[in-house]
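Survey of secondary and tertiary structure
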Amino acid sequence: MFQKVLIANRGEIARRIIRTCKRLGIQTVAVYSTADADNLHVRDADERYFIGESPVNQSYLNIEAIIAAAKESGAEAIHPGYVLLSENAHFATAVEAAGLVFIGPTSAVIEAMGSKLEARKRMEAADVPIIEGVNDALASATEAARVAQQIGYPVMLKASAGGGGIGMQVVHDEAELLKAFEGNQKRAASFFGDGTMFVEKFIAEPHHIEVQVLADKHGHVIPIFERECSIQRRNQKVVEEATSPFISDTTREKMLDAAVAAASSIGYTNAGTIEFLVDKHEQFYFLEMNTRLQVEHPVTEEISGLDLVEWQLKIAAGEPLTIQRNQLSVHGHAIEVRIYAEDSLRFFPSPGTITKLVLPKQEGIRHEIGVEQGSVVTPFYDPMIAKLITTGATRDEAVTRMQEALATYEIEGIKTNIPMLRDVVAHPEFIAGRTTTRFVEQYYLPQVAKK
């Protein structure tokens with residue numbers, strides 16, 4: 001096992017990784033920007049290194065500075081957390097070239113799965129169901145319209161690179177497609193440096209369900225159940241839970257099998273997630289693969305009893321998986337909500353100083369947070385500041401605990417999406433487990449409009 005690990009991230013996920021490292025007796029190294037000099041993750045770590053000014057491209061995306069800090073500190077490995085450089089193949093290559101261990105899959109796998117088109121091709125070859133569409137880049141809006149006509153409207157226009165819904169739009173006819181193509185192409189090129197576009201058949205009112213996998217360097221792959229992640233705003237997840245209240249046990253086993261086939265077919269190692277769209281008939285289709293730890297990993301940990309960060313570390317150190325799929329069982333139910341510093345009506349970030357912070361203390365709560373009272377939420381980084389997880393013996397108990405926890409959660413000085421989350425978890429459709437990707441549009445926004 002490693003003696004010292006650098007965490008190339010910030011906020012709550014850096015603190016989460018540091019916590020497991022400390023439990024395992026591993027020394028931790030934090031990196032920080034000017035804005036984060038007094039951040040909690042910096043104080044939690046055993047060592048800390050300044051890597052640049054506040055803008056993210058000058059600090060947390062500064063590959064040279066991060067690797068230099070790792071080498072100076074004597075760290076043997078780098079954990080990228082999620083987002084930022086976590087799915088950057090160039091970063092993984094640079095870490096390996098520096099004689100360090102990247103705690104994640106190989107750079108070749110990251111690169112392959114970072115392209116939605118390449119991922120489609122590989123999944124089709126592995127007999128994993130994919131959505132009807134094309135596996136080749138579309139050179140123009142005219143070509144896209146020709147393909148869409150063959151598939152049948154509505155279709156989903158997609159950027160091959162990146163994520164977070166950027167470059168993605170549902171289009172219902174040719175006129176809308178011709179208008180949308182260039183704008184989404186430019187946006188994808190601006191964000192990801194790649195404007196490659198393609199189209200798929202649009203799945204109406206789908207569920208977004210993903211399977212967590214662990215894969216070691218000895219050819220073993222196991223699925224750690226699934227997560228329902230359908231409640232989203234602007235294609236960003238807001239509420240996640242494990243297991244899904246929608247699918248049957250039969251569908252679950254088929255999805256777990258498909259996820260293992262997907263990971264095995266590309267020689268995947270470490271923790272990863274196979275994401276699926278599931279229609280109302282429980283037919284599921286490969287959506288994409290996240291080659292990193294997910295924001296929502298705590299709900300899987302809560303129902304499985306596993307520490308996924310610990311397994312990431314063990315796998316990266318070359319240790320084999322010592323757990324088998326048939327040894328795993330589900331214990332209760334877990335729900336996670338993401339707490340954002342944002343105006344929940346317009347979904348705009350809300351930077352500022354947190355003047356009051358009162359956290360819930362009910363039974364069955366897990367809290368992952370990167371701020372404290374007096375913290376300054378800056379405009380430089382993602383506005384997610386915390387994750388609240390509740391568990392229960394049943395889904396009903398987990399839902400009730402979430403409702404109670406959110407009712408007592410107080411943050412002042414900035415706007416947050418807590419009012420939205422309270423409305424969501426109290427909604428009859430959520431309580432009933434009927435949560436498609438249209439939930440916010442169909443239920444929350446009309447409810448807000450009436451207020």
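Details of the structure are given in the entry above.
Source: prediction; values computed, not measured.

On to the packing of aromatic side chains. What describes a pair of aromatic rings is the distance from one ring centre to the other and the angle between the planes of the rings. Here the structure, examined in full by the defined rule, presents 7 aromatic pairs. Judged by centre distance (6.1 Å) and plane angle (55°), the ring pair of Phe380 and Tyr381 falls under tilted. The class of Phe380 is partly exposed, set by a relative accessible area of 39%. Its relative accessible area of 11% is what places Tyr381 among the buried residues. Cluster of aromatic residues (ring-pair linked, three or more members): Tyr60, Phe380 and Tyr381.

Turning our eyes to something else, we now look at the pattern of salt bridges. Applying the stated criterion across every chain yields a total of 40 salt bridges. In this structure, Glu310 engages Lys314 in a salt bridge whose closest nitrogen and oxygen atoms are separated by 3.0 Å. Residue Glu310 and its partner Lys314 are both found in helix 11 (residues 308–316); the two are separated by 4 residues, about one turn of the helix. Each member of the pair, Glu310 as well as Lys314, is classed as buried. In this structure, Glu429 and Arg434 form a salt bridge, with 3.0 Å as the shortest nitrogen-oxygen distance. Taking the relative accessible area as the measure of exposure, Glu429 reaches 16% and is therefore buried. When its relative accessible area of 47% is taken as the criterion, Arg434 is described as partly exposed. Beyond isolated ion pairs, a larger network of salt bridges with shared partners links Arg16, Arg19, Arg23, Glu301, Glu302, Asp307, Glu310, Lys314, Arg366 and Glu368.

Our next topic: the packing of helix 7 (residues 141–151) against helix 8 (residues 174–192). In the contact formed by helix 7 and helix 8, the axes pass within 9 Å of each other and the chain directions differ by 145°. With respect to the hand of their crossing, helix 7 and helix 8 are arranged in right-handed fashion. Residues Ala141, Thr142, Ala144, Ala145, Ala148 and Gln149 of helix 7 form the contact with helix 8, whose participating residues are Glu174, Leu177, Leu178 and Phe181. In terms of residue class, the contact of helix 7 with helix 8 is built from 7 nonpolar, 2 polar and 1 charged.

Glancing now at the side chain of Asn270. Position of Asn270 relative to the elements: it lies in strand 12 (residues 270–278). Of note is the side chain of Asn270, whose polar atom sits 3.1 Å from the side chain of Gln312. With residues up to four places along the chain from it excluded, the contact list for Asn270 reads Ile103, Gly104, Pro105, Val213, Leu214, Ala215, Gln312, Ile315 and Ala316.

Taken in spatial order, the 3 strands of this open sheet run 7-6-8, and their pairing is antiparallel. Strand pairing shows two members of the sheet lacking a second neighbour, strand 7 (169–171) and strand 8 (197–201), which therefore form its edges. Strand-to-strand twist of the sheet, defined as the mean angle between neighbouring strand axes without regard to direction, takes the value 30°. As judged from the 5 bridges shared by strand 6 (residues 155–159) and strand 8, these two strands associate in the antiparallel manner.

With that settled, consider the sheet that holds strand 3 (residues 47–52). Strands sit in the order 3-2-1-4-5 across an open sheet of 5 strands; the sheet is parallel. Whereas interior strands pair on both sides, the edge strands pair on one side only; in this sheet they are strand 3 and strand 5 (101–102). Where strand 1 (residues 4–7) meets strand 4 (residues 77–79), 3 bridges bridge the pair, whose relative direction is parallel. The residue of strand 4 that forms the bridge with Val5 is Ala77.

We now examine the nonpolar core. In this structure, Val5, Leu214 and Leu313 are the most contacted members of the largest nonpolar core, which totals 38 residues. For this core, the secondary-structure elements that each account for two or more residues are strand 1, helix 1 (11–23), strand 10 (221–233), helix 10 (297–304), helix 11, strand 14 (333–340) and strand 21 (384–392). With 6 residues, helix 11 is the largest single contributor of residues to this core. Not counting residues up to four positions away in its chain, the partners in contact with Leu313 are Met1, Phe2, Val5, Thr20, Cys21, Leu24, Ile26 and Ile103.

Cut-offs used in this document
- Residues numbered from 1 in each chain as written.
- Predicted model: local features only at pLDDT ≥ 70, side-chain atom pairs only at ≥ 80, totals over all residues.
- Heavy atoms only, no water.
- Phe/Tyr/Trp six-rings, centres within 6.5 Å; stacked < 30°, edge-to-face > 60°.
- Buried < 20%, exposed > 50% of the residue type's maximum accessible area, 1.4 Å probe, protein only.
- Salt bridge = Lys/Arg side-chain N within 4 Å of Asp/Glu carboxyl O.
- Helix = DSSP H or I, 4+ residues; strand = E, 2+ residues; numbered from the N terminus.
- Axes fitted to C-alpha atoms, helices over the stretch in contact; angles between N-to-C directions.
- Left-handed = near helix turned anticlockwise from the far one by under 90°.
- Contact = heavy atoms within 4.5 Å.
- Nonpolar A, V, L, I, M, F, W, Y, C, P; charged D, E, K, R; others polar.
- Polar contact = N/O pair within 3.5 Å; in protein donor to acceptor, adjacent residues only side chain to side chain.
- Pairing = 2+ DSSP bridges.
- Core = buried A, V, L, I, M, F, W, Y, C linked by side-chain atoms within 4.5 Å.

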